[in-house]
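Fold and contact review
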Amino acid sequence: MSSPDPTPPTGRSRPLGRLRQTVRFDVPASLVVFLVAVPLSLGIAVASDAPVAAGLIAAAVGGIVAGVFGGSPLQVSGPAAGLTVVVAEIVAEFGWEATCAITLMAGVLQIVLGATRLGRYALAISPTVVSAMLAAIGISIVLGQLNVALGGRSQSSAFENIQHIVGNAQEPNIHAVLAGLGVIAILLAWPRLPQRVRAVPGQLVAIVALTLLAAAWLPGAERVQLGGDLLDEIGSVALPEGTPLAVAGAVLTVALIASVESLLSAVAVDRLHGGPRSNLDRELLGQGLANSASGALGGLPITGVIVRSSTNVAAGARTRASAILHGVWVLLFALVLVGLVEQIPLAALAGLLIMMGTGLVRPADISQAHARGELWIYALTVVGVLALNLIEGVLIGLVATLALVLWRLVHVRIDVRLGGHAADGREKWLVEVHGSLSFLATPTLMTRLDTIPEGQVVELDLLVDYLDPAGRDQLDHWRARYEAGGGSVLVEHTGPHGAGPHGAEAPRQERPLKAPPISPRALLPWGAWQDVRPDRTDPHHPLALGVREYHRRHAAPLRPVYEGLADAQEPHAVFLTCVDSRVVPNLITSSGPGDLLTVRTLGNLVPEPGSPDSSVAAPMLFGVDDLGVGTVVVCGHSRCGAITSALESTRAGTVPDGPVGDWLRHAAPAIQEWQAGHPVGAAAAAAGRSEVDQVSQVNVAVMIDRLGELLADRDVRVVGLFLDIADGKLQILRDDAFTTLTDAETDELAHLMEARPPEPA
C-alpha cells in the first residue's frame, strides 16, 4: 500500500488526486468484486425462489445506493445467503410481488432505526445466536440445493428437503449431478492454485467453465430461466395480502436480519483495513435506502456481504467508489449480457450455493460457543430454525440466552474445603467464590458459609467480577458474627477494592462496587496475543503494543493503587533474581506495584563482600536500611544461561572476554562449592537435576551466605527460592535441599520469612 502524499493538495489538485486514486485502485477492485457478485447473486435468487433478475437488481442497487449513502466505505452490499431461507418462506406465504413490498417496508424500518441512532444496538444480539442462525441457514441452503444438484427442486422445509434428497438420489439426473460436482471440484481446488491464477475469482471460473462444458456435453441439465427482460421485472410490487401481524412479522424479520448481518459485516470489514472506521448509524440508513429502492424495483433484500467486502479490501479498494462502480458493472451486465445467464445450468449454481452454505457453518463459531458454555444455545437455535422457521428459531435462541444470563447472575461457583491447620492449631477453611456475587446469589453463599465450624480460621477469596451492596452487607454481617464467636476471617478480593497500604479497609462509601477488570493479557507473554514473528506484517513493535494494552486495559484499574503509592513506597521484600526473561518476579509471587523491590543480575550473582562493585549492595542496603524491608529473597532458576557459561568456562580453563566474563567470575565460589560436594548440590543430584541446575541451586545457597555477611547485625530474613522453568513451579530452600512449595506449605514459608537467620560464620 503506497503512502499518502505528505503535501496537502490544493483546491485544484484534490479532485484530480481523487480521480487518479479511483482509476488506480478502485476501478480494478470494482471489476474483481463484480466478477464475484454476478454468480453469487444469481445463485441466491434461485435459492430464494425469486426471479433470477431480482438477484441482479439487488446487486446493482446494493452497490450503488448503499455505496453512496452507507457508513462503511469499503463494505459491498447486495443479496446475501443469510436471507435466502427467510425470503423463500415469505415468497411461499405472500407471493413474489408482495415480498418486494415487504422488502421496501423493511428498508423504511431500517431508515427509522438508523435515524434514531439505534443501529449499534443491533449488535447486542448474542454472537452465539447470530452464528447459529447463519449455520442453520447454511444447512438449509445445502439441503435445498442438494435436491437441485440431483435434478430436483428445492423444498420449503429442511424435513421435506431430506425426504426429497432420498428420493432424488435413487433416480438422479446425471447431467445435473456432473454440473454440480464440477463447480464444487473447481472451488475446492482453486485455493491450492498459484497466486496469479487465484487472482481471477474462483466462483466466476467455476460457473463459466461448467456453462461451457454443459453446452457441449450436458444437454440434460436444466438451465436458468429469466422469464423475460430485466426491465420487465422492474416495479413488480403489490401490497401483501394477509393478517397485519403476519406482514409485520415478515417486515421485522427482514429488517432485523439484514441490519444485524450488515452491521456485523461492517465491523468485520473495519478489521481488514486501516482506513476510516464505519459509522454504524449511517450504514443502517444506507442499507434502509438500498432495501427500499430494491423492493420498489423488484429486487431481493440487501445486506452488507462479508464475502464481497473482504474481496473488495483484498483487491486494493481505497474508497466507496469501488462498491458503487461494482453496482454499475452489474447493471450493465444485466442489461447487455442477460442472454448469457440463461445458458447457466441450475445445478452449477446449486454447487456454488452448496459451497456457500457449508461456509456458513464455521467450526470456529462452534468452538467459541463451547468455550463460552453456550454450545447448547447454538444447537438449540440451529434445531429451532430447521424444525420451525427462522424467526421462531432465533427467538428460542434469544430466550435461551436470557435464561443463561439470569442463571449466571443467580449461580456462583463456591468451593469450600479444609486447607490444613493454622499456626495456633485451629482448622483453616478455604472458601473461593467465582462468578457474579449479586443479591440473587447471596443466599447460596450464606448457606455454604454456615456449614463451616465455629471458631476456626477462614480465608474467603472473592474471585468475582461483581459484588453488589446487598452481597457486601451480608458478608460483613456474617464476618462480624463469625469473629464474635471466636473465629478469624481473612477476605481477599480480586482487583483494587479500597484497601489501604497495610490492608486497612477504606471507608465503605469510598469502596467501588465493581473494580475495573484486569485483562488476562497482563499475565501472558506477547506471543500469546499478538504477532511476534520476525517476518510479521504489523509495523508496531510488540513492546509498543504492550504499552498500548497497558494504557487501554490496566492504567485505569491500577490508578487507585498508584495514587496510594504516589508519596512513598513500602515494599514487603527485596527480590534478587536473574535477568533471564523467563523469570517474572511479579507473576510468580502474584504481586503488584509497591510490593517488591526487585534487583536483577546476570545469574542472580552477588559480588563478594569488600568488592568495589556495589551494584547489588546498594539496592539491598537501600531497601533494608532506608525502606525498612525485613525480607530478602534470592531466586534462582533452572537452565540458567549464565551458570551454563560459567561452568563451561571453568571446565575449559578460560574466561569470556568483556563485561560478561568479568561478572561471571562471581560464580566461581558456587562452582567450587558444588565440586566440593555442597549438600544442596548433592540433594539436587539425587533429585535427578542436571549439573547446571545443581550449580544453580548451590549458587542460591552461596549468595544467601554472601548477603548474610552484607546484612549482618540487621533484623532481616533471607529466603532462597528456585523456579523450575519446565513446569513453572517454585521450590524453597530448607535443610540444605530445595523442595516444591505447595499450597499447604504456605504457612511454613511465612514462618520461615519471619524467623531470624542464623549468624553468618
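Just so we're clear, the structure is a prediction, and the values are computed from it rather than from any experiment.

A look at helix α16 (residues 346-360)
Given a rise of 1.5 Å per residue, 15 residues ought to cover 21 Å, and the 21 Å separating the end C-alpha atoms of α16 matches this to within 8%. Of all 15 residues making up α16, 12 are buried, and the element is well covered by its neighbours.

Notes on the sheet that holds strand β5 (residues 457-467)
Read from one edge to the other, the open sheet built from 4 strands follows the order β3-β4-β5-β6, with strand pairing classed as mixed. Strands at the two margins of the open sheet, each flanked by one partner only, are β3 (413-421) and β6 (488-493). When strand polarity is set aside, the average angle formed by the axes of neighbouring strands in this sheet is 15°. Pairing between β3 and strand β4 (residues 427-437): 7 bridges, direction antiparallel. For Leu-418, the partnering residue across the bridge sits in β4 and is Trp-429. Taken strand by strand, helix α21 (residues 469-484) contacts β4, β5 and β6, and its axis lies near 175° from that of β5.

Quick word on the packing of helix α28 (residues 679-686) against helix α29 (residues 691-710)
Between α28 and α29, the shortest axis-to-axis distance is 8 Å and the interhelical angle comes to 150°. Here α29 runs roughly antiparallel to α28, going by the angle between their axes. Seen from above, α28 lies across α29 with right-handed handedness. Contact residues: Val-680, Gly-681, Ala-684 and Ala-685 in α28; Gln-694, Gln-697, Val-698 and Ala-701 in α29. Taken together, the residues of the contact of α28 with α29 break down into 5 nonpolar, 3 polar and no charged.

Considerations on the packing of helix α5 (residues 127-149) against helix α18 (residues 375-387)
Put simply, α5 and α18 touch, their axes get as near as 8 Å, and they point 40° apart. Here α5 lies oblique to α18, going by the angle between them. In the crossing of α5 with α18, the sense of the turn from one axis to the other is right-handed. Facing α5, whose interface residues are Thr-128, Val-129, Ser-131, Ala-132, Met-133, Ala-135, Ala-136, Ile-139 and Ser-140, α18 presents Ile-377, Tyr-378, Thr-381, Val-382, Val-385 and Leu-386. Among the residues forming the contact of α5 with α18, the class breakdown is 11 nonpolar, 4 polar and no charged.

Looking at the pattern of salt bridges
Tallying each qualifying case throughout the model produces 18 salt bridges. Across the pair Arg-362 and Asp-365 runs a salt bridge, and its minimum N-O distance is 2.8 Å. Exposure remark for Asp-365: the relative accessible area of 13% places this residue in the buried category. The residue Asp-424 makes a salt bridge to Arg-426 at a minimum N-O spacing of 2.9 Å. For Arg-426, a relative accessible area of 23% corresponds to the partly exposed category. Several salt bridges share partner residues, and in doing so they unite Arg-689, Asp-693 and Asp-724 into one network.

Digging into helix α12 (residues 280-297)
Helix length check: α12, at 18 residues, gives a terminal C-alpha distance of 25 Å against a target of 26 Å (1.5 Å per residue), a fit within 8%. Every buried residue belonging to α12 is among Leu-280, Asp-281, Glu-283, Leu-284, Gly-286, Gln-287, Gly-288, Ala-290, Asn-291, Ser-292, Ser-294 and Gly-295, and all of these are buried. Just downstream of α12, Gly-298 is the residue with a positive phi angle, here 90°.

Examining a nonpolar patch on the surface
A cluster of nonpolar residues, Val-405, Leu-406, Leu-409, Val-410, Phe-439 and Leu-440, forms a patch on the protein surface that exposes about 500 Å² of accessible area. The residue Val-405 is located in helix α19 (residues 390-410) in this model. By relative accessible area, Val-405 is classed as partly exposed at 44%.

Section: unusual backbone geometry
With a phi close to 60°, Asp-49 is a non-glycine residue in the positive phi region. Mapped onto the fold, Asp-49 is located in the loop between α1 (13-47) and α2 (52-69). Even without glycine at this site, Asp-736 takes up a positive phi of about 60°. By secondary structure assignment, the location of Asp-736 is in the loop between β11 (730-734) and β12 (737-740). Judged by relative accessible area, which is 44%, Asp-736 ranks as partly exposed.

Notes on empty space enclosed by the protein
In this structure the tally under the stated criterion is 1 cavity of 30 Å³ or more. As for the largest cavity, its lining consists of Ile-44, Ser-48, Pro-79, Ala-80, Leu-83, Thr-84, Val-87, Leu-300 and Pro-301.

Re the sheet that holds β11
A sheet is described by the order of its strands in space; here 6 strands give the open sequence β8-β7-β9-β10-β11-β12, paired in mixed fashion. Unpaired on one side and paired on the other, β8 (596-601) and β12 mark the two borders of the sheet. Ignoring which end each strand starts from, the neighbouring axes of this sheet average 30° apart. Sheet topology note: the strand β7 (residues 573-578)/β8 ladder contains 6 bridges and is parallel. Paired with Val-574 across the two strands is Leu-597, which belongs to β8. Strand contacts of helix α24 (residues 617-626): β7, β8 and β9 (631-637), with the helix running at about 165° to β8, the strand carrying the most contacts.

Some thoughts on the packing of aromatic side chains
Under the counting rule described, the total for this entry stands at 3 aromatic pairs. Geometrically, the ring pair formed by Phe-34 and Phe-333 is edge-to-face, given 6.2 Å between the ring centres and 65° between the ring planes. Residue Phe-34 is located in helix α1, and its partner Phe-333 is located in helix α14 (residues 321-336); the two are separated by 299 residues in the primary sequence. For Phe-34, a relative accessible area of 13% gives the class buried. An angle of 55° between the planes, with centres 5.7 Å apart, marks the rings of Phe-722 and Phe-738 as tilted. With Phe-722 in strand β10 (residues 717-723) and Phe-738 in strand β12, this residue pair connects regions lying 16 residues apart in the sequence. Under the relative-accessibility criterion, Phe-738 is labelled buried at 10%.

Side note on the state of the cysteines
In this structure the tally under the stated criterion is 0 disulfides. Free of any disulfide, Cys-635 has its nearest neighbouring cysteine sulfur in Cys-578, separated by 9.5 Å.

So, the nonpolar core
Residues Leu-42, Val-183 and Leu-300 are the most contacted members of the largest nonpolar core, which totals 84 residues. With near-sequence residues (within four places) excluded, Val-183 lies in contact with Ala-206, Ile-207, Leu-210, Ala-348, Gly-351 and Leu-352. Among the nonpolar cores identified, the runner-up in size contains 39 residues, and Val-629, Val-632, Ala-667 and Phe-738 belong to it.

Definitions and limits used
Residues numbered from 1 in each chain as written. Predicted model: local features only at pLDDT ≥ 70, side-chain atom pairs only at ≥ 80, totals over all residues. Heavy atoms only, no water. Helix = DSSP H or I, 4+ residues; strand = E, 2+ residues; numbered from the N terminus. Expected span 1.5 Å × (residues − 1). Buried < 20%, exposed > 50% of the residue type's maximum accessible area, 1.4 Å probe, protein only. Pairing = 2+ DSSP bridges. Axes fitted to C-alpha atoms, helices over the stretch in contact; angles between N-to-C directions. Contact = heavy atoms within 4.5 Å. Parallel < 35°, antiparallel > 145°, perpendicular 65-115°, else oblique. Left-handed = near helix turned anticlockwise from the far one by under 90°. Nonpolar A, V, L, I, M, F, W, Y, C, P; charged D, E, K, R; others polar. Salt bridge = Lys/Arg side-chain N within 4 Å of Asp/Glu carboxyl O. Patch = residues over 30% accessible without salt bridge, like charges linked within 9 Å, V, L, I, M, F, W, Y side chains within 5 Å. Areas by Shrake-Rupley, 256 points an atom, 1.4 Å probe, with all protein chains shown as cover. 1 Å grid on protein atoms, 1.4 Å probe; cavity = no way out; pocket = protein on both sides within 12 Å on 5 of 7 lines; lining within 4 Å. Points joined across faces, edges and corners; volume = space filled by probe spheres on them. Phe/Tyr/Trp six-rings, centres within 6.5 Å; stacked < 30°, edge-to-face > 60°. Disulfide = S-S within 2.5 Å. Core = buried A, V, L, I, M, F, W, Y, C linked by side-chain atoms within 4.5 Å.

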